[in-house]
Amino acid sequence: MSDRRNFIKKAALGTIGIGSVLSCGVLNDKTVAIPVGSRSTKGNKPLVISTWNHGLPANEETWKQLKKGNSALDAIEEGLKIPEADPKVRSVGYGGFPDREGKVTLDACIMDHNSNCGAVSFLQGIMHPISVAKKVMQNTPHVMLTGQGALQFALAEGFKEENLLTAEAEADWKKWLEESKYKPVINMENHDTISMLVIDKDGNISGGCTTSGAAWKMHGRVGDSPIIGAGLFLDNEVGAAAATGLGEAVIRTAGSAMVVELMRQGKSPYDACKEIVERIYNKHKNHKDMEYLQVGFIAINKNGEHAGYSLRSGFNYAVCDDDKGNRMEDATFKMSWDE
C-alpha cells in the first residue's frame, strides 16, 4: 500500500514540470500545471478538457479538428481514438489491462449538445469503441449495445475485429494470476479512464468517454464509463460533467448527472464537483470499498468555466483553450491516500 501511495504522490507532483511538444492555442512548447486548490476558472470558448495525462494528445487532436471546422462530436471521436490506439495507455483500448480471464473488454459513450447519445459496453476485439458508440447513436434507435450484440453491430458497420491484448498486458496478467488478488485497486497505476468534455465556439457542449475498465475485473463487469448519467452527462443549457475512478461508486450516486444538476441550481463547476465527491465519501466512508476508493470529476458550464475535484490526491486533467494552450491541471482533493 505504501508503494502505491508514494507512486501517486510522485505522479501528482511530476505534472508540475512536464514538457510537451504539443501545440494548442497560444502555447506551443510546454504544459502548465495549476496548483492544487485551484477553483473554477474564467470562461473560455472553445474549450477541451479531458482526464489524466493521456488527455494531452487527445486534446491536441480534438483541438485540431475543431480548428478545421469539424463538429465537436467528430472532434471528440478523433481525439479519443488517440489513447484508444496507444498501447502505452494501459487502461484505454489497445494494450489495456485485461479482466481476470485475460480478455480486454471495452466501454465507451458519446453525447452531443442535443442530448443524442450512444454507448457500448463489454465490447471485445474492436480498436475504437468510441467510434462504435457514435454509430450506435447515429444508426440505431437505441442508446447502448453490449457484449456480443455490440460486436455484431460493429462488424456490420465495417469495423475490423482484432486482438487488443498486447504481449506486455498479457505478461502483466499472467503475473497477476500468480496471486489472483481480486480486490480492485483503482488509481493511476491501473485505471485511468479518459473522459472528454468540449464546448465549441458557438457555446454548444458535447462529451465522450472510453476505457478498458479496471484491471483484473470479473468477466462481464461494466463500470460507469458507458452509462449516460454516471460516467458522463451533459445538458446544453447548463454544462457537462464526467467521472473517473471506481465506477461502482459513481453509478451508486449517478455522479455526473448530479454534478450537472447542481450547476443547474447555480453552483460553479468546482463547487458542484466537490459536493458530489463529498456525497460519495459520506455514502462510502463505512463501505468495504473505502480502503481503495478514488473518484474524480471534471466539469464545464455553459459559460466555459471548468474545474476538477477528486476524493483522493493524484487526479489531474488536461485543458486546452486559446488563452493558455494545452496543459495539465491538478485537481483539488478531499484527502490524501494516507488518511
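For the structure given in this document, a descriptive report is provided here. (Residues numbered from 1 in each chain as written. Predicted model: local features only at pLDDT ≥ 70, side-chain atom pairs only at ≥ 80, totals over all residues. Heavy atoms only, no water.)

On the secondary structure map, Gly-314 appears in the loop between β10 (306-312) and β11 (316-321). Considering only alpha carbons, one finds Gly-314 and Gln-294, 20 residues apart in sequence, at a separation of 9.3 Å. (Helix = DSSP H or I, 4+ residues; strand = E, 2+ residues; numbered from the N terminus.)

Quick look at the packing of helix α2 (residues 55-67) against helix α3 (residues 72-84) now. At a closest axis distance of 7 Å, the pairing of α2 and α3 adopts a crossing angle of 150°. Relative to α3, the element α2 lies roughly antiparallel. Of the two elements, α2 crosses α3, and the hand of that crossing is right-handed. Residues Pro-57, Ala-58, Glu-61, Thr-62, Gln-65 and Leu-66 of α2 touch α3, and the partners they reach there are Ala-72, Ala-75, Ile-76, Glu-78, Gly-79, Ile-82 and Pro-83. (Axes fitted to C-alpha atoms, helices over the stretch in contact; angles between N-to-C directions. Parallel < 35°, antiparallel > 145°, perpendicular 65-115°, else oblique. Left-handed = near helix turned anticlockwise from the far one by under 90°. Contact = heavy atoms within 4.5 Å.)

The subject of this paragraph is the sheet that holds strand β8 (residues 239-245). Strand order across the open sheet formed by five strands is β7-β8-β9-β10-β13, with mixed pairing between neighbours. The open sheet has two edge strands, β7 (232-235) and β13 (332-335), and neither has a second partner. Direction aside, the axes of adjacent strands within the sheet are offset by 15° on average. Pairing analysis gives five bridges linking strand β9 (residues 295-301) to β10, with the strands arranged antiparallel. Directly across from Gly-296, in β10, lies its bridge partner Ser-310. Its contacts with the sheet place helix α8 (residues 255-264) against β7, β8 and β9, and it is angled at close to 145° to β8. Against the sheet, helix α9 (residues 269-284) makes contact with β9, β10 and β13, and its axis sits at roughly 20° relative to β10, the strand it touches most. (Pairing = 2+ DSSP bridges.)

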